[in-house]
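An overview of the molecular structure
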Amino acid sequence: MYKMTQKHAIRTLNKYPILTLPVPIYSIEEIIADSGFSLSCCEGINKPCIFRCELILPKFKTASDCRYALAHELGHIIIHGRDKTCVETIGKHEAAADAFALYFTMPPYLFEKDIKCLNEWDLAEKYGMPVEQVLNRAKLCDHYQYQ
Ligand SMILES: [Zn+2]
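Nothing here was measured: the structure is a model prediction, and the numbers come from that model.

Counting secondary structure elements, the protein contains 8 helices and 3 strands. Ordered by position from the N terminus, the helices and strands of the protein form the series α-α-β-β-β-α-α-α-α-α-α. Burial analysis of the protein (147 residues in total) assigns 46% to the buried set. For the protein, long-range pairs separated by at least 24 residues make up 57% of all intrachain contacts whose partners lie at least 6 apart in sequence. Just so you have it, the protein exposes about 8,300 Å², and 56% of that area is on carbon and sulfur atoms.

If you want it as structure tokens, here you go:
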């Protein structure tokens with residue numbers, strides 16, 4: 001179902017090799033900047049928003065929330081491009097950006113290997129993700145668990 005999204009995430013990881021886990025927040029910011037978007041922070045909003053070539057972020061409570069949100073927005077940029085001025089409105093786009101964020105922060109193959117020997121709490125720590133997102137990522141690799 002998310003084969004194309006998975007490909008986008010793998011291609012992005014290959015283009016910008018990430019050498020440490022969790023994926024550093026500044027690395028995601030660099031890729032976003034490299035894609036032609038400027039980043040700014042606004043305390044008055046409660047969710048990220050893309051307008052033209054600017055990504056405006058709220059203040060995040062934890063590093064994992066921030067990492068996930070940035071990866072999600074990067075998903076919009078990579079998958080949906082810069083021509084959508086209001087990408088946050090379409091449900092299908094949201095699901096694809098969510099899947100991108102899961103694949104990007106918990107890379108294919110690596111995560112599929114780890115899930116065989118680590119529980120969700122260890123995985124959450126290793127990948128710097130909220131446990132809820134680790135469980136969502138696990139759902140994307142069901143077939144691996146039955147091997
Ligand atoms: Zn979104």
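Now for the packing of aromatic side chains. According to the stated counting rule, one finds 2 aromatic pairs in the structure shown. Considering the side-chain rings of Phe100 and Phe104, the 5.7 Å spacing of their centres and the 10 degrees angle between planes classify their relative orientation as stacked. With Phe100 and Phe104 both in helix α4 (residues 91-105) and 4 residues apart, this pair spans about one turn of that helix. With a relative accessible area of 0%, Phe100 lands in the buried category.

Before going further, it helps to spend a moment on the side chain of Arg137. If you trace the backbone, Arg137 turns up in helix α7 (residues 131-139). The buried category is assigned to Arg137, whose relative accessible area is 0%. Setting aside residues up to four positions removed in sequence, Arg137 forms contacts with Leu102, Tyr103, Met106, Pro107, Pro108, Phe111 and Glu112.

With that settled, the discussion passes to the nonpolar core. Ile32, Phe104 and Phe111 are the most contacted members of the largest nonpolar core, which has 33 residues in total. Those elements giving two or more residues to this core turn out to be α1 (3-15), α2 (25-34), β3 (54-57), α3 (63-80), α4, α6 (120-127) and α7. Per element, the largest residue contribution to this core is 6 residues, and it comes from α3.

Glancing now at the sheet that holds strand β1 (residues 38-41). Backbone hydrogen bonds are what pair the strands of a sheet, in a parallel or an antiparallel way. Overall, mixed pairing links the 3 strands, which are arranged β1-β3-β2 in an open sheet. In this open sheet, the two edge strands, each paired with only one partner strand, are β1 and β2 (49-51). Going across the sheet, the axis of each strand differs from the next one's by a mean of 25 degrees, ignoring polarity. Two strands pair when backbone bridges link them, and β1 and β3 are joined in this way by 4 bridges, in the parallel orientation.

So, about the packing of α1 against α3. One can describe the packing of α1 onto α3 by two numbers: an axis separation of 11 Å at closest approach and a directional angle of 100 degrees. Looking at the two axes, α1 sits roughly perpendicular to α3. Here Thr5, His8 and Thr12 of α1 lie close against α3, whose contacting residues are Leu74, Ile78 and Ile79. Its residues placed into classes, the contact of α1 with α3 shows 3 nonpolar, 3 polar and no charged.

The rules behind each value
Residues numbered from 1 in each chain as written. Predicted model: local features only at pLDDT ≥ 70, side-chain atom pairs only at ≥ 80, totals over all residues. Heavy atoms only, no water. Helix = DSSP H or I, 4+ residues; strand = E, 2+ residues; numbered from the N terminus. Buried < 20%, exposed > 50% of the residue type's maximum accessible area, 1.4 Å probe, protein only. Contact = heavy atoms within 4.5 Å. Areas by Shrake-Rupley, 256 points an atom, 1.4 Å probe, with all protein chains shown as cover. Phe/Tyr/Trp six-rings, centres within 6.5 Å; stacked < 30°, edge-to-face > 60°. Core = buried A, V, L, I, M, F, W, Y, C linked by side-chain atoms within 4.5 Å. Pairing = 2+ DSSP bridges. Axes fitted to C-alpha atoms, helices over the stretch in contact; angles between N-to-C directions. Parallel < 35°, antiparallel > 145°, perpendicular 65-115°, else oblique. Nonpolar A, V, L, I, M, F, W, Y, C, P; charged D, E, K, R; others polar.

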